[in-house]
Amino acid sequence: MAGFDKVVTTYEQAMAGLTDNMTVLAGGFGLCGIPEGLIAQIKKMQTKGLTVVSNNCGVDDFGLGLLLPDRQIKKIIASYVGENAEFERQMMSGELDVELTPQGTLAEKMRAGGAGIPAFFTATGYGTPVAEGKEERQFNGKNYILEEAITGEFAIVKAWKADRYGNLVYRHTARNFNPMAATAGKITVAEVEEIVEPGELDPNEIHTPGIYVNRVIKGNFEKRIEQRTVRQK
């Protein structure tokens, strides 16, 4: 219901119902726009056997990288994996199942899942290992491969503002994969910087309608940067 108050006050409430072997879609790009507290709660819960869908897997001691040391992630569907030594070790040793997916394709997989579209054709990856085992077709003389949509039991996203009905506004590049992930979870949990009352958000500025969001929690964010680069004085 659009008018239902979706605010929860504890991370235990926010991630209630997450169990072993579920699929979790996580918003974020690098460490930008990641639901830091929700990830930390998954680590605290010690949920195992997870399939995680995310652009990347954080860094060794932050973001989704927190879930690697205790082997909580069984499989990850991601686009970029170059900032995490433990991820590399687990992938190269065969301990972690990794499905590398082009970034645009990954975004569309989540968007399609949220829209109820089971699959789509894309030219991206044709003629490469990405296309192995996938249906190929020609449209107007151009080759395409079939990619299946993605959904999950949980989606965890980070937003700038939310109202109590779950309407979300993202800020600048922290928007990234969050809107697509938010639509593709059976239970979508949003960790936000500020919660406002209904009516305070301009309807024209809402990026994710509350109909997609089940729970909202106000978080405290560290907002790390992977590699801080500054100019010498």
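To be clear, the structure that these remarks concern was listed above.
Rules behind the numbers
- Residues numbered from 1 in each chain as written.
- Predicted model: local features only at pLDDT ≥ 70, side-chain atom pairs only at ≥ 80, totals over all residues.
- Heavy atoms only, no water.
- Helix = DSSP H or I, 4+ residues; strand = E, 2+ residues; numbered from the N terminus.
- Rg over C-alpha atoms; globule rule 2.2 N^0.38 Å.
- Buried < 20%, exposed > 50% of the residue type's maximum accessible area, 1.4 Å probe, protein only.
- Right-handed = clockwise from strand over helix to strand, strands pointing away.
- Pairing = 2+ DSSP bridges.
- Phe/Tyr/Trp six-rings, centres within 6.5 Å; stacked < 30°, edge-to-face > 60°.
- Lys NZ or Arg CZ within 6 Å of the ring centre and 35° of its normal.
- Polar contact = N/O pair within 3.5 Å; in protein donor to acceptor, adjacent residues only side chain to side chain.
- Axes fitted to C-alpha atoms, helices over the stretch in contact; angles between N-to-C directions.
- Salt bridge = Lys/Arg side-chain N within 4 Å of Asp/Glu carboxyl O.

Undergrad: Tell me about the overall build of the chain, residues and numbers included.
TA: Looking only at helices and strands, the chain has five helices and eleven strands in total. Over its C-alpha trace the chain gives a radius of gyration of 18 Å, about what one expects of a compact globule, namely 17 Å for 233 residues. Once the C-alpha set of the chain is aligned to its principal axes, its extents read approximately 50 × 50 × 40 Å. Among the 233 residues that make up the chain, the fraction classed as buried is 45%.

Undergrad: Talk me through the pairing of strand β2 (residues 50-53); I want residue IDs and the actual numbers.
TA: Side chains on a regular strand alternate between the two faces of the sheet. Here β2 shows two buried faces, one formed by Leu50 and Val52 and the other by Thr51 and Val53. Taking the sense of rotation as the criterion, the β-α-β connection linking strand β1 (residues 23-26), helix α2 (residues 36-45) and β2 turns out right-handed. As judged from the four bridges shared by β2 and strand β3 (residues 73-78), these two strands associate in the parallel manner. Within the sheet, the bridge partner assigned to Val52 lies in β3 and is Ile76.

Undergrad: Mind laying out the packing of aromatic side chains, listing which residues take part and the relevant values?
TA: Counted under the stated rule, the structure contains three aromatic pairs. Geometrically, the ring pair formed by Phe29 and Phe177 is stacked, given 6.4 Å between the ring centres and 25° between the ring planes. Of this pair, Phe29 sits in the loop between β1 and α2 while Phe177 sits in the loop between β9 (168-169) and α5 (178-183), and the two are 148 residues apart along the sequence. By relative accessible area, Phe29 is classed as partly exposed at 40%. Following the ring pairs from residue to residue traces out a cluster consisting of Phe121, Phe139 and Tyr144. It is Lys158 that lies over the ring of Phe221; its NZ or CZ is 4.9 Å from the centre.

Undergrad: So what's going on with helix α3 (residues 85-93)? Which residues, and what values?
TA: It helps to recall that an α-helix has 3.6 residues per turn; residues three or four apart then point in one direction. Measuring from the side-chain oxygen of the N-cap residue of α3 to the backbone nitrogen of Glu86 gives 3.2 Å; that N-cap residue is Asn84. Positive phi shows up at Gly94, right after α3, with a value of about 85°.

Undergrad: Pulling in residues and values, what's your account of the sheet that holds strand β7 (residues 142-148)?
TA: Strands sit in the order β5-β7-β6 across an open sheet of three strands; the sheet is antiparallel. Of all the strands in the sheet, the pair left with one neighbour each is β5 (119-122) and β6 (136-139). Ignoring which end each strand starts from, the neighbouring axes of this sheet average 40° apart. Of the pairings in the sheet, the one linking β5 to β7 comprises four bridges and is antiparallel in character. Directly across from Thr122, in β7, lies its bridge partner Ile145.

Undergrad: Any details on the pattern of salt bridges? Residues and values, ideally.
TA: Opposite charge on two side chains lets them pair, provided their charged atoms get close. All chains considered together, the criterion is met by 15 salt bridges. For the salt bridge of Arg224 with Glu222, the shortest nitrogen-to-oxygen distance reads 2.7 Å. Residue classification places Arg224 among the partly exposed positions, given a relative accessible area of 30%. A residue is classified by how much of its surface remains accessible, and Glu222, at 47% relative accessible area, is partly exposed. Taken together, the salt bridges that share partners define one network made up of Arg71, Glu86, Arg89 and Glu95.

Undergrad: Outline unusual backbone geometry, supporting the account with residue identities and numerical values.
TA: Even without a glycine there, the phi angle at Arg71 is positive, about 55°. As for its position among the elements, Arg71 is in the loop between β2 and β3. Taking relative accessible area as the criterion, Arg71 reaches 36% and is therefore assigned partly exposed. Notably, Asn176 is not glycine yet its phi reads approximately 20°, a positive angle. Tracing the backbone through its elements, the reader meets Asn176 in the loop between β9 and α5.

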